[in-house]
Amino acid sequence: MAKSSETEHPVKAFGWAARDTSGLLSPFKFSRRETGEKDVRLKVLYCGICHSDLHMIKNEWGITSYPVVPGHEIVGVVTEVGSKVEKVKVGDNVGIGCLVGSCGSCESCCDDLENHCAKQVLTYGSPYFDGTMTHGGYSESMNLPLDSGAPLLCAGITTYSPLKYFALDKPGTKVGVVGLGGLGHLAVKLAKAFGAHVTVISTSESKKKEALEKLGADSFLISRDPEQLQGAMSSLDGIIDTVSATHAVAPLLGLLKPNGKLVMVGGPEKPLEVPVFPLLMGRKILAGSNIGGLKETQEMLDFAAKHNITADVEVISMDYVNTAMERLLKSDVRYRFVIDVANTLKME
Ligand code: NAP
Ligand code: ZN
Ligand code: ZN
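This is a predicted model, so every value here is computed, not measured.

A. Spotlight on the coordination of the zinc ion (ligand 3). Each protein donor to the zinc ion (ligand 3) is listed here as Cys103 (SG), Cys106 (SG), Cys109 (SG) and Cys117 (SG); together their distances run 2.3 to 2.4 Å. For the zinc ion (ligand 3), the 4 donor atoms in the first shell make angles of 104 to 115° at the metal, a pattern classed as tetrahedral.

Okay, here's the thing in structure tokens:
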């Protein structure tokens, strides 16, 4: 008989899980494996709420297996290390992003692109090498295999990587950021630190002042105002699209200069409509990008530290998480919810 998630491993664990497509989170007892020789065990201190968590708890991408303990923007303090761990010691602060495993030997892994590995193991809701399901950071403890153990948080690397790859990191480059949420506000800060000229393309007039005065954006367009878009036609070298819901692509293609690139990082539930002619005219590129590899994640963290870039966060308690999800759906957060796991997760 299959073991239950509460007894399949020796170490008792506790977190909050969603049980069905309502996405409602509630306390959940499960278990984690014993700390392996290359594992680092950590006490979770804080965990960010990514919109991907919201897609996942409601099974909007059709890949969720319940119960699911979300959370892939995790920072914690190391409480135990395996015998073969050299780079990390007890008491160190560490971070975990979207990946906790990959094959280590395919072409992508050898190129430091573990995010493209076909055998990648996601931080939660993904079968681990031993066949059990992984559980994320809305819980009190984690095991981090050291081979994927560099800090690799989500929102920063997801926007840093395409800015670099698509050469939007050059001073003076005209960069657009669509959707000023968790990913979008970091995209603005990173692009500004690269020296780009940044235009935010948003549905929220209420975010304008802050985007220009606090986040450092150079210009702000309301995406539902055709006149504003018309005035900015053919002005951008590239756009990072972080929108989490269905939206029109054609006007964004219109904002690009010839040879401009529209890079999708948001993951709307339903397919988007792409008219071909605006792509053909001006030889434009429509592309996508998914987090980043471990090496680039470390590079991103170093870059962020050098430029003093952190997320703007609203710290919440664990029992506020369902309200936070409702607010996230309404784009009502400036700009990332972070759960104070260590101080507010009440063990049962
Ligand atoms: P978020 O904080 O909710 O931000 C999304 C933003 O999109 C909102 O703040 C809003 O900005 C805009 N938006 C929302 N609904 C919209 C609509 N109907 N039409 C137009 N704009 C709309 O979410 P996030 O955590 O940044 O994540 C964004 C997306 O990226 C999610 O789909 C997530 O799953 C995905 N993601 C992908 C990767 C990857 O590796 N590719 C990694 C992480 C997340 P305004 O108020 O400014 O309009
Ligand atoms: Zn994420
Ligand atoms: Zn691989």
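B. Local environment of the coordination of the zinc ion (ligand 2). At 2.0 to 2.3 Å from the zinc ion (ligand 2) lie its protein donor atoms, namely Cys50 (SG), His72 (NE2) and Cys154 (SG). Positions of the donor residues of the zinc ion (ligand 2), expressed as sequence spacing, correspond to C-x21-H-x81-C. A residue pair is termed long-range when its members are at least 10 positions apart, and histidine 72 in the loop between α1 (51–57) and β4 (74–81) and cysteine 154 in the loop between β8 (141–145) and α3 (155–165) qualify at 82 residues. Cysteine 154 shares its class with histidine 72; the two are buried.

C. Highlighting unusual backbone geometry. Residues tyrosine 66 and proline 67 are joined by a peptide bond in cis, for which omega reads -5°. The topology assignment puts proline 67 in the loop between α1 and β4. Cis peptide bonds are those with omega within 30 degrees of zero, and the linkage from arginine 334 to tyrosine 335 qualifies with -15°. Positioned with a positive phi, arginine 283 is a non-glycine residue whose angle comes to about 50°. Within the element layout of this structure, arginine 283 appears in the loop between α8 (277–280) and β14 (285–288).

D. Expanded view of the sheet that holds strand β9 (residues 174–178). Here we have 6 strands laid out as an open sheet, ordered β11-β10-β9-β12-β13-β14, and parallel in their pairing. Of all the strands in the sheet, just β11 (219–222) and β14 have a single pairing partner and so form its edges. The mean inter-strand angle of the sheet, taken between neighbouring strand axes irrespective of direction, is 20°. Relative to strand β13 (residues 256–264), strand β12 (residues 236–241) runs parallel, the two being bridged by 5 bridges. Opposite leucine 236, over in β13, you have leucine 256 as the bridge partner.

E. Spatial organisation of the nonpolar core. With 40 residues, the main nonpolar core has Leu25, Ile49, Tyr138, Val321, Met325 and Ile339 as its most contacted residues. Mapped onto this core, the elements with two or more residues apiece are β1 (11–18), β2 (25–32), β3 (39–48), α1, β4, β5 (93–96), α10 (321–329) and β16 (336–340). When residues of this core are assigned to their parent elements, the largest contribution, 5 residues, is made by β1. For valine 321, the residues in contact, after removing those within four places along its chain, are Trp16, Leu25, Ile49, Tyr138, Ile316 and Ile339. Cys154, Phe166, Ala191 and Tyr335 belong to the second largest nonpolar core, which has 38 residues in total.

F. Expanded view of the packing of α3 against helix α4 (residues 182–194). Their axes nearest at 8 Å, the elements α3 and α4 cross at an angle of 45°. For the element pair α3 / α4, the angle class is oblique. Crossing geometry of α3 relative to α4 is assigned as right-handed. Counting all contacts with α3, which are made through Ala155, Gly156, Thr158, Thr159, Tyr160, Leu163 and Lys164, the residues of α4 involved are Gly182, Leu183, Leu186, Ala187, Leu190, Ala191 and Phe194. Here the contact of α3 with α4 is composed, by residue class, of 9 nonpolar, 4 polar and 1 charged.

What counts and what doesn't
- For every chain, the first residue of its written sequence is number 1, and the numbers climb from 1 along that sequence.
- Numbering of ligands from 1 and lettering of chains from A proceed in the order in which they are written.
- Local features in this predicted model are restricted to residues whose pLDDT is 70 or higher, and side-chain atom pairs enter the listing and the counts only when it is 80 or higher, whereas totals over whole chains, interfaces and linings include all residues.
- Only heavy atoms go into the side-chain values, all of them from the structure, while hydrogens and water stay out.
- Donor selection uses N, O and S atoms within 2.8 Å of the metal (3.2 Å for Na, K and Ca). Since no water is included, sites may look incomplete.
- Here a site with four donors is tetrahedral if all angles are between 85 and 135 degrees, and a site with four or six donors is square planar or octahedral if opposite donors are over 155 degrees apart and the other angles are between 65 and 115; anything else gets the irregular label.
- In this description a helix means any DSSP run of H or I spanning at least four residues, a strand means any run of E spanning at least two, and both kinds are numbered starting from the N terminus.
- Accessibility here uses a 1.4 Å probe with only protein chains present; expressed as a share of the type maximum, an area under 20% marks a residue as buried, one over 50% as exposed, and anything in between as partly exposed.
- Whether two strands pair depends on DSSP finding at least two bridges between them.
- Every axis in this analysis is a line fitted to C-alpha atoms, fitted for helices over the stretch in contact. Angles between the N-to-C directions lie between 0 and 180 degrees.
- For this analysis, a nonpolar core means a set of buried residues of the types Ala, Val, Leu, Ile, Met, Phe, Trp, Tyr and Cys, connected via side-chain atoms within 4.5 Å.
- Note on definitions: a residue-residue contact is assigned when non-hydrogen atoms from the two residues lie within 4.5 Å.
- Should an angle fall under 35 degrees it is called roughly parallel, over 145 degrees roughly antiparallel, and 65 to 115 degrees roughly perpendicular, with every other angle called oblique.
- Crossing handedness is read from the near helix: turned anticlockwise from the far helix by less than a right angle, it gives a left-handed crossing, and turned clockwise, a right-handed one.
- Only Asp, Glu, Lys and Arg are considered charged in this grouping, and only Ala, Val, Leu, Ile, Met, Phe, Trp, Tyr, Cys and Pro are considered nonpolar; every other residue, Gly among them, is considered polar.

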